[in-house]
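Listed below are the residues making up each chain.
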Amino acid sequence: MLKLPQSSTDRKHFVIVGALVLVVTVLLGFALLAILPVKAQSSVQAEPIRWLFQLHIWLIAFLFALVSVFMFYALFVFRRRKHDTSEGEHFEGNTVLEILWTVVPLVLVVIFSFIGLQTLQQTTSGGDDIRVEAVGFQWAWTFNYPNGVTSAEMVLPVNKPALISLTSTDVIHSFWVAEWGPKQDLVPGMRTQLHVTPTEVGEYKLNCAELCGLTHWNMVATVRVVPEAEYTAWMEQKIAEQNIEVVSR
Amino acid sequence: MRLTSLGLVRGLIGYAVGLLLGMAVVVVSRLLMGMSVWEAEAAWVGGVFFAVIGFLGGVGALSDWLKWTRGAETPLLHGPPADKPAWTRYFGVDYNHKVIGIQYGVTGLFLLLIGGSLALVFRAELADSGISFLQPGTYNTFLSMHAWVALAAILLGVGGMANYLVPLMIGAADMAFPRLNAFAYWINVPAILTLLLSMLFGWDSGWTAYPPLSLRGPVGYQLVFLSIFSIGLSSILGSLNIIVTMLMMRPKGMSLFRMPIFCWAILATSLIQLTATQLIGQAFLMLSFERTLGMPFFNPLYNAAGENIGGQPLLFQHLFWFYSHPAVYVFVLPGLGIISELLPVFSRKPLFGYRWVALSSLAIALVGFLVWGHHMFTSGYGEYLRVVFMISTLLVAVPTGVKFFSWLGTLWGGRLTFPTPMLFTLGAISVFLIGGLSGPILATTATDLFLHDTYFVVGHFHATIFGGFVFPFFAAIYYWYPKITGRMYDETMGKLHFWLMTPGFWLMSLAQMTAGTMGMRRRIADYDPALGVENVHLLVTIAGFVIAFSILIMIYNLFTSAEIGATAGNNPWRSRSPEWQIPSPAPEHSYARPIAVVGEPYDYGLAGSKYIASMGAGDD
Ligand code: HEM
Ligand SMILES: [Cu+2]
Ligand SMILES: [Cu+2]
C-alpha cells in the first residue's frame, strides 16, 4: 500500500491527484458524450452546434474531474482519524493561487467567446435558394411558399439552403426541428428568420418549443426533406391543386 | 384562549372581509359608470387587492404604524405573550427576529412541500407517454404553480436564514426595523393564499408569464400577478432592513472583513433584492393593467396597413429577466454562503481566501445584472445582443470558480468529520458543480439555440437551485437545529435522508439533461414516444419520488427530535461564531452583554486565538 504523506502540501498528493484527474477526465468525457446524445445532425447549421457541444463536454469533464477528485481525495485523506483531537493545518489562503484561478478561467472565457462568436455565425447563416414562410398559431402551423403555394406540411429539397421566415398571429411560438439544431421564436408583430440547409432526406417533426397554451405539446407539423426532383414534382402538384398562376421561382 | 386571539385567524378573517369589500367596490363603481355589473376578472382584482390589505390589518402588522399617526405610544414588547401559550407567538405579529426567522423558514419549508407535491403529480403523468390522468389544462396549471410556489418557498427560506442568523452572527440585539421586519414577513402570507387561490381558475404560461399568452388566459393570472407583486414588496423591504442592520449594528471591532462569511453572502443577496425586484413588480403590474384596463404595453395592435401600433412582446421579456436572472443569485448566494460558513467548522481550518470568497459574492451579484439576455437568445432580438449576452454570461463563471477552488482549499489539510450538516454541505458542492458546469454550454449562443426550452435547461437550473439552495438550506436546518430547539436531531435519520436524496438528485439531473439533448422540450403535457425518452422519464420520476420521500424523513426527524432529541449544549460543533457562544435554545435577548470582536472569524487551529469577547458591564 502506498504510504500517504502527512503534510498537506507534500508534492506526492498533487502527483496522485493530477494523475487521477486525467483518468477521470477521459472516462467522464466519454461517458457524458454517451449519455448526452445531441439529436441535431441533419443540417449544415447543426454541425457547429455539435462540434461546440462536444468541446464543452470535454471542458466540463475536465473541470468536474478537477473539483470532484480534489474533493473526494481530501475527504478520504484528510478525514479525522479515531482519537485524533487535533485541529486542521492553519493556512488562510494563497494569493498566487487565487489570482491563478481567476486569470485562467478569464482566458478560457475569452477563448470561448471567440469560438462562440464563430459558431454563432455559422449556425445562423446560409443561403436563400428556397424561401418559405412559416406561420404559427394556436396550435398549428401553415407554410407559404413565394409562388403562392400554401401547405400544412413543409417540404424542402435536400442540400439546398433555405431561409424560413417566421411570424405568429397570436402568441409567441418557437420553431424547432430538433434534427436541424437551432430554434427560433415566432413573435406576433415581428418577423424573425431561420437558416437551414437540410442534409439528410427524411421525415421530421416540427415542434413548437415555447409554451403557448392548452395544447402546446401537440403543436406539431410534418417536415419532409426530399430529393430535388421530388420537390419539384410536389410543388407542381400543389400548384395544380391550388389553381395558382405561377408568378416566380 | 379564544381563537381570534391568534393573529393568523384574524388575518384570515380580514382577508375574507377584504375580498368581499373589494368585490363590492368594483361592482358599485361599475354600476355607477353604467357598465355591466358583474365582470369576474375586475371583481377578483379588486377583491384580492383589498383582501391582502385586510389580512395585514387583521393580523396586526399595521397596528403600530397606525398608532404612530395618532401619536400613540407603541412600546416594543419582548418575550412570549403573557396570557397565552408560548407557541401562539409564532401565529401572530411578533417583533423578535428569531421568531420572524422561524416564521419565514417554516413557511418556506411548508411551501417547498406544496411545490414538491405539485411536481410529483405531473412527474407521475410524465412517467410514460400518453395522457393518463392530468388533462393538458390542469397540467399547465400544475407546472406553472409548481414553479412559483417553489420560488416563493426559496425566497422565504432565504428570508428565514437571513433573519434568524444575521443579527445573531453580528451580535445585534435585533434587526434595525423590527416592525418593518414583521410586516415584510406577514405580507407573504396573504400573497401565498392568493397564489394558491389562483389554482381555482388556472393559468398556463409557466412562471415566466410571457405575453401575449398571459394576456389571454383565465383570471388566475391576475391573482398570480398580485401575489408576486406582494412577495416582491416583501423582498425589497426585508433586504433594506438587512442591509441597514448589517451596516449599522455590527459590534466594536467587526470590520466588514471580519463578519462571518454568511453575512457577506446575505449582503450581496440583499443588494440584488433591493434593486432588481422592482422590475418584476413593474412587469407584472403592466400585465395586470393591460388585462384589466386594456393598456397596450405588450400586445401588438395593427392599423389598416398592417403596421404594429400597439405593444411589444419582447419588452416584457427584458423587464422580466432583468429581475429574474439576478433573482437566481438571490436563490443561491445565501446557500453558497452557508457552504463557506460550514466547511471551516467541519474541517477545523480557516476559510481559504476569506476576502476572495467575500468579494466573489459581490462580483457574482454585479455581473449577474448584465446577463439577463441569455434567456432570450431565441427571442428574435438583434443579432448583436446574442453576442453581448454570451460574453457577459460566460464571465459569471469566473467568480463562481473562485468559490469552488476556495472550498477545496478549505478542505485540504483539514480534520474532516461528517455529521449530517457537513454531508449536506458536500452534497451541495457536488450538485452545484453539476448545475454550474452546465451553465457555460447554455451561454454560448450556438449551443443554446439547440438546448433552449428543452429538458437540458430544466436539468441545469434544478441542479443550480438544489445545489445552491435546497442542499445548503437543509445543511443549515440540521446545523442550527440545536441552537433553535436546544436539542439534537437524530443522526441516523439525517444520514438516511442524505444518502437517499443525493444520489437521487444526481440521477435526476443527468436524466433530465439526457432527455433534453434527445429532443425533449420543456413544459409539455405529453411527448412523442418516438423520441425514445420514455425510460429516461421514468428514471426522473422515480428519482423525484425518492427525493420527496427523503425530505419526509427530515420533516419527521425535525418534529420528533424537538421532543426526544438529546440535549445539545451551547456549542455542539465547537464553532467560533458568536451565536454558538450563547445558550441553546437562544434566549429571548440573545446576548446578555454586548460583544466585541477581537480576532479573525475562522482561525481554527491557531492556538490562543479568539474571535469575540463579551464586554463587561463597565467597558465599551
Ligand atoms: C455558472 C454560471 C451559470 C451560467 C453560465 C448560466 C447560464 C444559463 C443560461 C445561458 C440559461 C438560459 C438557458 C435557456 O433558457 O436556454 C440559464 C437558465 C437558467 N439558469 Fe443558469 N447559469 C448559471 C448559473 C445559474 C445559477 C447559479 C442559477 C441559480 C439558481 C441558475 C438558474 C437558472 C434558471 C432558473 C434558468 C432557467 C430559466 C427559465 O428559462 O425558466 N443558473 N442559465
Ligand atoms: Cu407552443
Ligand atoms: Cu439567467
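Residues numbered from 1 in each chain as written. Chains lettered and ligands numbered in written order. Predicted model: local features only at pLDDT ≥ 70, side-chain atom pairs only at ≥ 80, totals over all residues. Heavy atoms only, no water.

All names here are of chain B. Close to ligand 1 lie 22 residues; W207, D448, H452, H460 and R522 are nearest. Here R522 contributes a side-chain N or O atom positioned 2.8 Å from an oxygen atom of ligand 1. Of all the secondary structure elements, the ones that give two or more residues to the shell around ligand 1 are α11 (313–347), α14 (420–437), α15 (440–443) and α17 (455–485). Sorting elements by how many residues they give to the shell around ligand 1 places α17 first, with five residues. Looking at the shell around ligand 1, its residues break down into twelve nonpolar, eight polar and two charged. (Near = heavy atom within 4 Å. Polar contact = N/O pair within 3.5 Å; in protein donor to acceptor, adjacent residues only side chain to side chain. Helix = DSSP H or I, 4+ residues; strand = E, 2+ residues; numbered from the N terminus. Nonpolar A, V, L, I, M, F, W, Y, C, P; charged D, E, K, R; others polar.)

Regions with low pLDDT should not have their predicted coordinates read in detail. Of all residues in chain B, 99% attain a pLDDT of 70 or more, and the chain-wide mean is 94. Interface confidence for the predicted complex, expressed as ipTM, amounts to 0.95; the pTM equals 0.95. (pLDDT = per-residue confidence, 0-100.)

So, on to the pattern of salt bridges. Note that side chains of opposite charge can pair when their charged atoms are close. Tallying each qualifying case throughout the model produces 19 salt bridges over all chains. If you follow the salt bridges from partner to partner, you end up with A:E87, B:R348 and B:R574 in one network. (Salt bridge = Lys/Arg side-chain N within 4 Å of Asp/Glu carboxyl O.)

A few words on the interface of chain A and chain B. Every contact between the two is made by 82 residues of chain A and, on the other side, 92 residues of chain B. For chain A, the biggest contributors to the area lost against chain B are A:W101, A:L211 and A:W217; these three give 10% of the whole. For the interface between chain A and chain B, the tally reads four salt bridges. Close ionic contact of B:R574 with A:E87 constitutes a salt bridge, the shortest N to O distance being 3.6 Å. Along the contact surface separating chain A from chain B lie 29 residue pairs in polar contact (both at pLDDT 80 or more). Those elements giving two or more residues to the side of chain A that touches chain B turn out to be α1 (11–35), α2 (46–77), α3 (95–123), β7 (183–186) and β9 (202–208) of chain A. When residues in the side of chain A that touches chain B are grouped by element, the largest group, 16 residues, is from α3(A). Residue classes in the side of chain A that touches chain B are distributed as 45 nonpolar, 24 polar and 13 charged. (Contact = heavy atoms within 4.5 Å. Buried area = accessible area lost by both parts, 1.4 Å probe.)

Another point: the nonpolar core. Formed by 284 residues in total, the largest nonpolar core has its most connected members in A:M154, A:F175, A:W180, B:W148, B:F284 and B:F474. In terms of residues, this core owes the most to one element, helix α5 (residues 136–169) of chain B, which gives 21 residues. Residue contacts for B:W148: discarding those within four places in its chain leaves B:L195, B:W203, B:W207, B:V224, B:I228, B:I280 and B:F284. (Core = buried A, V, L, I, M, F, W, Y, C linked by side-chain atoms within 4.5 Å. Buried < 20%, exposed > 50% of the residue type's maximum accessible area, 1.4 Å probe, protein only.)

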